Amino acid sequence: MPEQTSVKFFTYDMLRMPSVVPNNLSSIRDLLRFCLVNGSPEVAVTSATVTAGVCRMTVAAGNSFSFQSVVLCSGFDQAGANGEHRVTATSDLWFEFETDLPDGPLSGTAMNAKYAPAGWMEPFAPNSTTMVIRSKNTNPESRRHFLQIKETTYQYIQVRAFKTMTDLNNGLIPIPTAAQNPNGYYWAKSQENNANPRAWFIIASDKFFYYGINNYYALSIDRVPFMGCFGDFVTDNVNDKYNVVLRGSTTTNEATTMPISGYDFGCSHITPHASISISGSPSTGDNPLSGMFYANVPNPNNTYGLSGTNQFGMINPSTGGYNLFRYNIVDTLMNPRGYLPGVLYISNNLQTAATFYSLNKGTGDFENKYLFGTYTPGGASGYFHHTITQSNFSYMFFDITGPWE
């Protein structure tokens, strides 16, 4: 099976990852720059050897790379060693990946490796509070909307997408519009202003990414991560020029304390909400529409379903695997628009067995893939990020192996 490196996977507990500290007012921008734009600083590879289709690269203590991360190698005489590779085994002194190179030692004058960035760029020089990112994917089907990110407080960041931008602060055709949300959307950062690092994850391709953060220091079932996303969703219609979605919170309270019940990640619903903004439609031109995330799964509730909760049975008795479904996007006008890449709605009861930030081997259609699992903000009335009053918290998987399309 050829290496799959189009999806990049980062979490707070991986080796040499950035630390998100609330009282550092550039923490989130630094994190996004690391994961999406630059990757990590390079480390020297002291030796490398291929044995039976596996390349082992040796590094100094403390300079290795985490399991299932994607590394970018350079400086090798053998062309097949350069470029991106997915780590299949690791220790403090070495990491391995699969390769077609012949057995034997590798050579080079400046052999280096780094965590590979996801394939985004900063089209404008940032200032002390604001950055803009954009996909580097130049495929004609890539929409390449801009995402403006403002970080001025320990509590949240502000995000707004634009179809075009001329500089750091000026753009056209915003998502959401100023009339819909004057300050754009809010993504959580922290509930507390201190130096305690927060748990986080970013899962990304070069056209779409998910942002998750535990805005409380403790990582426990009653404190689940906020989740946002941005980029091109997958559509079967290559001529659809409106397949861009931005998910955030409309108020600071929603982002940092209490998400709106039934509309968040982990919920399958058919009621449009302002927290999900889709870039227009052929019938509305450039005016963005609200939307909904919907999994085509029977649900016991009339209004919405909750992924991974006890309203479903356990592992499928017929297959011995998970029941996994696409997370579809439907707009305000009830037009099916496509689906979110890489995220999977689970119609199995995992709430008593699953753990935070876990890696799971896929089953069925996802065999030979790894799935990242976490509890999500979806829930019923009375749900808070930090206080769960009913035991119906949701759980979802992300395909971190790819490809997503």
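Structure first, text after, so check above.
Note that residues are indexed from 1 along each chain, following the sequence as it is written. Per-residue local features are limited, in this predicted model, to residues with pLDDT of at least 70; the limit for side-chain atom pairs, both in listing and counting, is 80 or more; totals at the level of whole chains, interfaces and linings are taken over all residues. Think of the side-chain values as coming from all heavy atoms in the structure, minus any hydrogens and water.

A. Geometry of the side chain of Glu-151. Tracing the backbone through its elements, the reader meets Glu-151 in the loop between strand S12 (146-150) and strand S13 (156-167). At 3.3 Å, the side chain of Glu-151 and the backbone nitrogen of Ser-27 are in polar contact. We call two residues in contact when some of their heavy atoms are within 4.5 Å. The contacts of Glu-151, once residues within four sequence positions are left out, are Asn-24, Leu-25, Ser-26, Ser-27, Ile-28, Arg-29, Thr-129, Ile-157 and Lys-189. Going along the chain from the N terminus, every DSSP run of H or I of four or more residues is numbered as a helix, and every run of E of two or more is numbered as a strand. N or O atoms closer than or at 3.5 Å make up a polar contact, with two conditions inside protein: a donor-capable atom paired with an acceptor-capable one, and, for residues adjacent in sequence, both atoms drawn from side chains.

B. Molecular detail of the pairing of strand S24 (residues 324-331). Whether two strands pair depends on DSSP finding at least two bridges between them. Pairing analysis gives four bridges linking strand S22 (residues 289-294) to S24, with the strands arranged antiparallel. Its bridge partner lying in S24, Met-292 is registered against Val-330. Where S24 lies against strand S25 (residues 336-346), six bridges are found, and the strand directions are antiparallel. The residue of S25 that forms the bridge with Arg-326 is Leu-344. In textbook terms, the turn of a hairpin is the stretch between consecutive antiparallel strands, and for S24 and S25 this stretch comprises four residues, one of which, Met-334, has a positive phi near 65°.

C. Spatial organisation of helix H1 (residues 27-38). Relative accessibility decides the category of a residue: with a 1.4 Å probe and only protein chains considered, values under 20% of the type maximum give buried, values over 50% give exposed, and everything between is partly exposed. Within H1, 10 of the 12 residues are buried, which leaves it mostly tucked inside the rest of the structure. Burial in H1 covers these residues: Ser-27, Ile-28, Arg-29, Leu-31, Leu-32, Arg-33, Phe-34, Cys-35, Leu-36 and Val-37. With its phi angle positive at about 75°, Gly-39 sits one or two positions after the end of H1.

D. Region of interest: the packing of aromatic side chains. Pairs were defined over the aromatic rings of Phe, Tyr and Trp, the Trp ring being its six-membered one, requiring ring centres within 6.5 Å. Orientation was assigned from the angle between planes: stacked under 30 degrees, edge-to-face over 60, tilted for the rest. Scanning all chains against the criterion turns up 35 aromatic pairs. Ring centres 6.1 Å apart and planes at 50° place the aromatic pair Trp-120 and Phe-230 in the tilted group. Taken together, the residues span a long stretch of sequence, with Trp-120 in strand S10 (residues 120-121) and Phe-230 in strand S18 (residues 226-232) at a distance of 110 residues. Each ring, one from Tyr-322 and one from Phe-397, has its centre 5.0 Å from the other, and the planes form 70°; the classification is edge-to-face. On the criterion of sequence distance, the pair formed by Tyr-322 in the loop between strand S23 (304-306) and S24 and Phe-397 in strand S28 (residues 394-399) is long-range, its members being 75 residues apart. The exposure class of Phe-397 is buried, given its relative accessible area of 1%. Here, over-ring charges are defined by two tests on the NZ atom of lysine or the CZ atom of arginine: distance to the ring centre within 6 Å, and angle to the ring normal within 35 degrees. The ring of Phe-65 carries the charged tip of Arg-16 above its face, separated from the ring centre by 4.6 Å.

E. Broad picture of the sheet that holds S28. Ordered by their spatial adjacency, 12 strands build an open sheet running S1-S16-S17-S18-S19-S21-S22-S24-S25-S28-S27-S26, and the pairing between neighbours is antiparallel. Looking at which strands have only one partner, the edges of the open sheet turn out to be strand S1 (8-11) and strand S26 (358-361). Averaged over all adjacent pairs, the angle separating strand axes in this sheet is 30°, with direction ignored. Inspection of the sheet shows S26 paired to strand S27 (residues 370-376) by four bridges, in the antiparallel sense. Each bridged residue has a counterpart across the sheet, and for Ser-358 the counterpart in S27 is Gly-373. Angles run from 0 to 180 degrees between N-to-C directions of axes, and those axes are lines fitted to C-alpha atoms, restricted for helices to the stretch in contact. Here H1 sits on the sheet in contact with S1, strand S16 (200-204) and strand S17 (208-213), set at roughly 35° to S16.

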